[in-house]
Amino acid sequence: MMLEINDLEVHYGAVRAVRGVSLVAAAGRVALVLGANGAGKSSTLRTAAGFLHGESGSIVVDGEEMRGKRAHAMVRRGVVLVPEGRKIFAPLTVEENLRLGGYRASRRDVSRAIGEVYEQFPILGERRKGMAGLLSGGEQQMLAFGRALMSKPRVMLMDEPSMGLAPSIVQTVMDGARSIADSGVAVLMVEQNAEAALRIADDVSVMTRGSITWTGVAAEASLHAVHAVLGDTALE
Amino acid sequence: MSTAPVQDERAPILEIHDVAVHFGGVKAVDGVSMTLHEGLIYGIIGANGSGKSTLFGAISRLVPLVSGTMMLDGTRFDRNPPHRVPHLGVARSFQTVRLLDDRTVRDNIRLGHDAVGSVPRREIEQRVEHVLTRLALHDVARRYPSELSYGIQRRVEIARAIVTRPRLLLLDEPTAGMNRHERDEVSELMLSLKGEGLTQFIVEHDVQMMVDTCDYIFAMNTGQLIAEGSPADVIADKRVRESYLGGGDDARDQ
Amino acid sequence: MQELLNTATLGSIYLLFALGMALAWGTIGILNFAHGATFMFSVFVVYLITGAVELSMIGVLLLAALIGAAISLLTQLLVFQPIVRRARSHSSAELRIILGGIGVAAIPLAIAERVTNSAPFAIRSSYEATVFSIGGVRLSSTSLIVIIVGLTIGIGLTLWIRRSKQGLALRAIGTDAETAEGMGVHRELLALGTMAVAGALAGLAGGLLAFQLSAMAPESGDTLLIKAFAMIVLGGLGSMGGAVIGAYVLAGAEMLMTILGQGTWVDAVSFGLIFLILLFRPQGLFGRKEVRRA
Amino acid sequence: ADPAEPEPAASGDDQCVIADEVIVGVVNEQSGPVSYAGVGPSDGAQVAIDELAESDFFGNGTTLKLKIADMAGDIERASSEMTKMVNDPSVSVIIGPASSGPASAVAPLVEQSKVPTVFTQAGSDGVVIGDWTFRTTPPTETYYSAGLDWLKDHGYEDAALIYDATLPTFQHLAQEGIPAFASERGIDIVSTQEVQSTTQEFSSQAQVIASENPSAVIMLITATPSITFLNQLRDSGYEGQVLATPSQSGQNMAAGGPNVDGIVYPVPFSPAATSGVAASFIERFQATFDRTPDTYNAEGYDGLMWIANAIKEVGCSTPAAIRDGLAAVGAKGFEGAQGPLTFENGNDVRVAGTMIEWSDGAEHLAD
Amino acid sequence: MTGWFASNVILIQTTLTTTLLALSLQIPIRLGVFSFAGIGAFGIGGYTAAIAMVHLGWPTYPAILLGVVVAAVATYILGVIVQRLSGLYLGMATLAFTLIISVLAVNGGSLTGGAAGLFGAVGTIDVPQILLIVVGVVLVVSYFETGSRGRRADAVREDPSLAAAMGIHVSRYRLMAFLASGAIGGLAGAITTLRRTAISPAEVNFGLIVLALTVIIVGGIGSWVGVLIGAVVFVWLPTWVAFVGQWEDLIYGTIVVLAAVFMPDGAHGVIKMLIRRLRVRISREPRTFETAALPSIRAVRDRPDSRGLVRDGVDS
Ligand SMILES: Nc1ncnc2c1ncn2[C@@H]1O[C@H](COP(=O)(O)OP(=O)(O)OP(=O)(O)O)[C@@H](O)[C@H]1O
Ligand SMILES: Nc1ncnc2c1ncn2[C@@H]1O[C@H](COP(=O)(O)OP(=O)(O)OP(=O)(O)O)[C@@H](O)[C@H]1O
Ligand SMILES: [Mg+2]
Ligand SMILES: [Mg+2]
């Protein structure tokens, strides 16, 4: 399983948000994308998930060109996004949110997966019948993450999955992402919490103003080096 | 609970006594008391769902109290309707960005000042220009929130809160979605606001940043205060480490 | 007893009409003001067809449902879907969906009025009503069918929306269509399906009411539209079960005024009742509280 | 109205002649929910115009022509179209809206702008309000007594009344006319039920009547709901006589099926007439439109004939002259499609009323 | 011109009163208060003015004033009663209010003239006077649409609790919406009635609500400009499409549908967009951006104007 983004261009009217970005997420690996606010990270992920269609370039899943396909089609191919800003279904209950995450999965798989999510995030289990919109910010983030796990994706796109989470839960989520990758899923993660994410990432790219300006293997990329790059881009 | 010496020299600005907020069976805030003194930066840390945002909601009077009293400059305000609170010099930002989609960034910032204070219009415009500069938002002043990346929207959220020049500023996760450098910048901003005498009350999950920025930290768990004091003391507290930092040693490095 | 049966009949009439509307409104958030016109026009087309060939009751109902589904599908494809696609958010589309429905409704109405000169029309069918009389209580076979079909579909839809995966997906679309798509929901397809079902229900209701009321006029759908709106809101938006209860509450109130011999106060009292209920239950009888965290 | 009132502009002028072409404006319901009440009169008027042209009624080749404006049943539209019509110098006389609301709304305008206007239907109080407003439809209550006469003659002694209280005509008839007519004739009104124009289901009302089982039911309900009511009345086991209203006339009961059979109602015009103007009108209408004329057609015909007689009477076709002519003809009366016509105050028609029975899908003279 | 005016005077007058009627819905909806009470106020204002003239023999202007006051007070009281309601639930409650007004009129006996309504309320108000009144109302309304007043209204609509947190007295805004809607609706009803000289229960119906809704949505709820455009379109449409004769409703339906689909923010939105485009062209704003190169906060920190937010600002 593999997701390849080649030479992607995404524009919003006159704004060129993504300019010739190429990224690879391979099964079993966590690819991490870092970058300043407005660099174009979310735009890239949203295009890969089928919410945007981009101007040119290609998005290849398992050898098949998928750019321009709609999000529901991407989900059917196993590509799932944890969206920026949680985007939980506020008036539905926690459990209903999770069930929706498993919309494409069989009933039996769903029940099992729900159990797993509750195990990972016990607070969600306590609130299963409560309305999702009433959860605290961090609880909602857990729900968004758990919901994406429900469909047993093969490519997992995560847009700042640790946002608003307490440090201990950040750890849980990062460990979760690692173990998903280890189970053979390709993970492409955008994260601002570079410290936490670098610990579990395999590959790292830094995005600056719509382009990839630095790539490397996480093991070699010290936090310091990455920060230097990020700091530079910010000052540019 | 002990009161750290750092607070004593200054006049108290916000005094909260035994405040509780319940939602049905959920005791989101359960008997919290605290005193904030003028000109310092206070922080709250605590696990997800421990009641931090709800406490902010209580202070801004958006959620009703079950019990307790709150005083601002020695005057009780826990019976005030929410729209009175900004007039008392308290401004806030929200954990989830709440901007008007049909209005430009500049208009959204202006909104912060629309109902507060009797300041001449020219003066308001100057203040708006000033915060636009201060948060480096000039280039997007005419854009609409939905056209901005998440991190930039957060900056607008902060800008709207500080444009009124409040006496007490509540910021709920102001740097969520920002990277280390961007956070440092915001933290520098907060320190410079402190230099101008602004009292600030901040919720953040970035412990490092809280330690670097705050003068005094409260730690919450399941609706109650479990520790307070200087950043170093609170981080070292066993209960805080267990409930919040995730126990392990590496949490301290963060 | 007789009064109860009459209330049940009236309530079921309202319910049949309102079900399709409640379905589209409560799930995918489409308040279809053309529902009344769809209802009427299905019967109208059947009326034109039965002018040439006589049909059985089943034939009439099937045909009406089919026509209703077709009208509703067209409306969705040509009007509502483009509106939703162009809108920044669903809430910004809401008013324009109402407007689109108003526009669509004018078209079949104009055609039917033109053809019939606004005279009543009735469908020809081999069905003949019989009246059962047990212990002084009278009930026509048509009423019986209306009650049974109304309740069955009402309860069936309630359960389906609450229990099924598609029902859940529909509610998700109504909340946040884009994110729902990110769950793998094909929102256009599902919305089309929903509208087709809603339209078929309008047609079915039209067919049944054509039997129950014996005749219809081009404007027949309009009065029902307001009442349907009332009972759906009364029951609580998004709750099919609420719509079912709402229909019988409204019918009960109307029936009571009729029994009390206050025929001209029927509307005032039934709307007044709805008003009062809303004062005490601002979210309708079974509606969920709107969630908005401070 | 006082025909002697001096009118400076017109009738005093000896030079005034009948124009070669006289334009009759029509402002009524050509579309919308009651379009039958607007299209009907204009069709009837057209038949009259053709007849006049054929016989060279004026003896000088003058022809009449309709200028039709649609107000679609809307009050604002009626006012607006009416304003245009009275400001149109080519229009000498107008046939006005059929619904009471719009008609009473434009009546003051007519009086103000002094273009004579003949209304059809529009039975309420505020329509014929001065010297310039006329009406060729008798108010229902003026001939509805024929219905109660019929009941009495056929031996019915008690009746239940059900009426749509949201319609002015029916409300008026039910509250003032019928109680008086009934007591005059010794008919007992055993119960009265009110319904609204939004009422669609009548089981409960029907059962009340069936349980009281009076010998007759007086039903003042518009066409579509009346079919529902009649069917449910019969389903409730009631077998007595039903006395209805002109709303049930024309083709309105064609959709009603067998349960409607046998109802009777008074109308100002009888499509089954076999003699006089009525018969020749029916024949002409049938030849032109290939269907039986109804009340609305007859009213239009009579309205136009009234206008033609008026023009001939004063020998002049200015609006003011036509007004004088209408009043003069009105004072004398004439025979129209609705039978011998007399006019209250010289401007508001009265007819005897004919009883119609609906049976086998058609209207017949009731015996 | 005078000939045109004379024969279209009713249309002009109707355009003006329809504008008022539609404003009575637009004002609350602009504030996020989904209320149809303005239509009920139309009925109350109309009946009150007619009663004042017919039964009490009052002259035109006092009668109109009474209509406005009674309608405004009634709607305000309604506003207080339904304070807890919002969204479509509020819509339903106010719809009920409006329909009940019409039932009350039917059952009002000689006071309201029953189903037939009241006749003979011959007001002496002419089109120039109505124009003056409408201009006055529009001036007031437009004052509340601009600048900070407009922004506050937007906040109250889009996010009431945010608005409260910004210091806006939300519930007062809502009540004011009811009051304004009642007064303007009452004004529309009183003027319309006295011009027509009559009012009947059948006029205060669902159709009137649909008309007002159509006008404001096609025009755009953002501003009185849209309301005016909508009123002009729907009042004059019949005369423009008169050539299709009896198929007019078909044209009407089609136009409404097209407006719904192709004008997301109504006619007013289209105008706003055109103005914005024009402005961009004039102001030489860059047509294409590289990805927004937003400077970091730190980069501007040392600029002199970024110093001193609270104490050493202009106010010290
Ligand atoms: N809908 C839109 N219309 C116009 N411009 C947009 C839109 N969405 C994003 N942009 C612009 O595209 C650029 C990239 O935005 P994007 O959201 O991808 O950034 P990001 O890297 O995810 O930033 P962040 O870390 O703040 O989330 C930004 O300059 C933003 O202003
Ligand atoms: N309106 C509400 N109704 C019901 N429960 C609520 C409501 N608001 C908050 N809660 C619950 O109260 C608890 C405290 O929520 P709060 O938002 O204050 O947490 P928090 O400390 O800000 O968490 P986070 O760090 O995740 O933002 C949570 O469990 C939340 O689910
Ligand atoms: Mg982003
Ligand atoms: Mg929080």
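Residues numbered from 1 in each chain as written. Chains lettered and ligands numbered in written order. Predicted model: local features only at pLDDT ≥ 70, side-chain atom pairs only at ≥ 80, totals over all residues. Heavy atoms only, no water.

Going by an unreviewed UniProt entry, chain E carries the name Branched-chain amino acid ABC transporter permease and comes from Microbacterium soli. UniProt, in the comment section headed Subcellular location (unreviewed entry), describes chain E in these words: "Cell membrane". (UniProt positions renumbered as here; feature names shortened; annotations may be inferred.)

If you look chain A up in an unreviewed UniProt entry, it shows as ABC transporter ATP-binding protein from Microbacterium soli.

(A) A look at the overall build of chain E. For chain E, the count of helices and strands is 14 helices and 0 strands. Classification of the 316 residues of chain E by burial places 56% in the buried group. A separation threshold of at least 6 residues defines the contact pool for chain E, and within that pool the share at least 24 residues apart is 78%. Entry remark: accessible area of chain E is about 12,500 Å², with carbon and sulfur atoms responsible for 68%. (Helix = DSSP H or I, 4+ residues; strand = E, 2+ residues; numbered from the N terminus. Buried < 20%, exposed > 50% of the residue type's maximum accessible area, 1.4 Å probe, protein only. Contact = heavy atoms within 4.5 Å. Areas by Shrake-Rupley, 256 points an atom, 1.4 Å probe, with all protein chains shown as cover.)

(B) Seen up close, the pairing of strand E1 (residues 21-28) of chain D. All names here are of chain D. Judged by how many residues are buried, E1 sits mostly within the fold: 7 of 8 residues are covered. Of the strand pairs in this sheet, E1 and strand E2 (residues 63-70) are connected by 8 bridges, and their pairing is parallel. Note that in E2 the partner of Gly 25 across the bridge is Lys 67. The handedness of the E1 to E2 crossover, carried by helix H1 (residues 36-55), is right-handed. (Pairing = 2+ DSSP bridges. Right-handed = clockwise from strand over helix to strand, strands pointing away.)

(C) Molecular detail of the interface of chain E and chain D. At the junction of the two partners, chain E supplies 21 residues and chain D supplies 21 residues. Summed over both sides, the interface between chain E and chain D buries roughly 1,800 Å², with carbon and sulfur atoms accounting for 59% of that surface. It is Ile 10, Phe 119 and Arg 196 of chain E in chain E that bury the most area against chain D; as a group they hold 28% of the surface buried on that side. Viewed at the interface, chain D and chain E are joined by 2 salt bridges. (Buried area = accessible area lost by both parts, 1.4 Å probe. Salt bridge = Lys/Arg side-chain N within 4 Å of Asp/Glu carboxyl O.)

(D) Highlighting the coordination of the magnesium ion (ligand 3). All names here are of chain A. Around the magnesium ion (ligand 3), the protein contributes the donor atoms Ser 42 (OG) and Glu 84 (OE), at 1.9 to 2.2 Å from the metal centre. Of this pair, Ser 42 sits in helix H1 (residues 41-48) while Glu 84 sits in the loop between strand E6 (79-82) and helix H3 (94-101), and the two are 42 residues apart along the sequence. The class of Ser 42 is buried, set by a relative accessible area of 16%. (Donors = N, O, S within 2.8 Å, 3.2 Å for Na, K, Ca; no water.)

(E) Representation of the UniProt feature "transmembrane region" (unreviewed entry) in chain E in the model. All names here are of chain E. Under the UniProt annotation, "transmembrane region" (unreviewed entry) lies at residues 34-56, 63-82, 88-106, 118-144, 175-194, 206-238 and 250-275. Segment residues 175-194 splits into 100% helix and 0% strand. End C-alpha atoms: 28 Å apart. What you have in residues 206-238 is 88% helix and 0% strand, and the ends, taken at the C-alpha atoms, are 20 Å apart.

(F) Structural detail: the coordination of the magnesium ion (ligand 4). Protein coordination at the magnesium ion (ligand 4): the donors are Ser 53 of chain B (OG) and Gln 95 of chain B (OE1), at 1.9 to 2.1 Å from the metal. Of this pair, Ser 53 of chain B sits in helix H1 (residues 52-59) while Gln 95 of chain B sits in the loop between strand E6 (90-92) and helix H2 (105-114), and the two are 42 residues apart along the sequence.

(G) The arrangement of helix H4 (residues 87-106) of chain E in detail. Under the 1.5 Å per step criterion, the end-to-end length of H4 of chain E is 29 Å for 20 residues, consistent within 8% with the ideal 28 Å. Burial analysis of H4 of chain E places 18 of its 20 residues in the buried class, which makes it a mostly covered element. (Expected span 1.5 Å × (residues − 1).)

(H) Main features of the sheet that holds strand E1 (residues 2-12) of chain A. Residue and element names in this part refer to chain A. Overall, antiparallel pairing links the 4 strands, which are arranged E2-E1-E4-E5 in an open sheet. Where the open sheet ends on each side, the last strands, each with one partner, are strand E2 (15-26) and strand E5 (64-65). Looking at chain direction, E1 and E2 are connected through 9 bridges and run antiparallel. Bridging across to E2, Tyr 12 finds its partner in Val 15. Across the face of the sheet, H1 comes into contact with E1, E2 and strand E4 (56-61) while running at roughly 120° to E1. (Axes fitted to C-alpha atoms, helices over the stretch in contact; angles between N-to-C directions.)

(I) Spatial organisation of the arrangement of the chains. There are 8 pairs of chains in contact here; the most contacts are made by chains B and E. The two units chain A and chain D never meet; even their closest C-alpha atoms stay 36 Å apart. Contact between chain B and chain D is absent, and the least distance between their C-alpha atoms amounts to 37 Å.

(J) Quick look at the site of ligand 1. Neighbouring ligand 1 are 22 residues; Ser 42, Ser 43 and Glu 84 of chain A together with Glu 147 and Gly 151 of chain B lie closest to it. This site is not confined to one chain, since residues near ligand 1 come from chains A, B and E. Contact with the protein chains covers 89% of the free accessible surface of ligand 1, which is 630 Å². The element that contributes the greatest number of residues to the shell around ligand 1 is H1 of chain A, accounting for 3 residues. Looking at the shell around ligand 1 residue by residue, the class counts come to 7 nonpolar, 10 polar and 5 charged. (Near = heavy atom within 4 Å. Nonpolar A, V, L, I, M, F, W, Y, C, P; charged D, E, K, R; others polar.)

(K) Spatial organisation of helix H9 (residues 240-259) of chain C. Residue and element names in this part refer to chain C. Here H9 contains 20 residues, and its C-alpha end-to-end distance of 29 Å stays within 8% of the 28 Å for a straight helix at 1.5 Å per residue. When you tally the buried positions in H9, you get 15 out of 20 residues, the bulk of the element. Following H9 by one or two positions, Gly 261 adopts a phi angle in the positive range, close to 75°.

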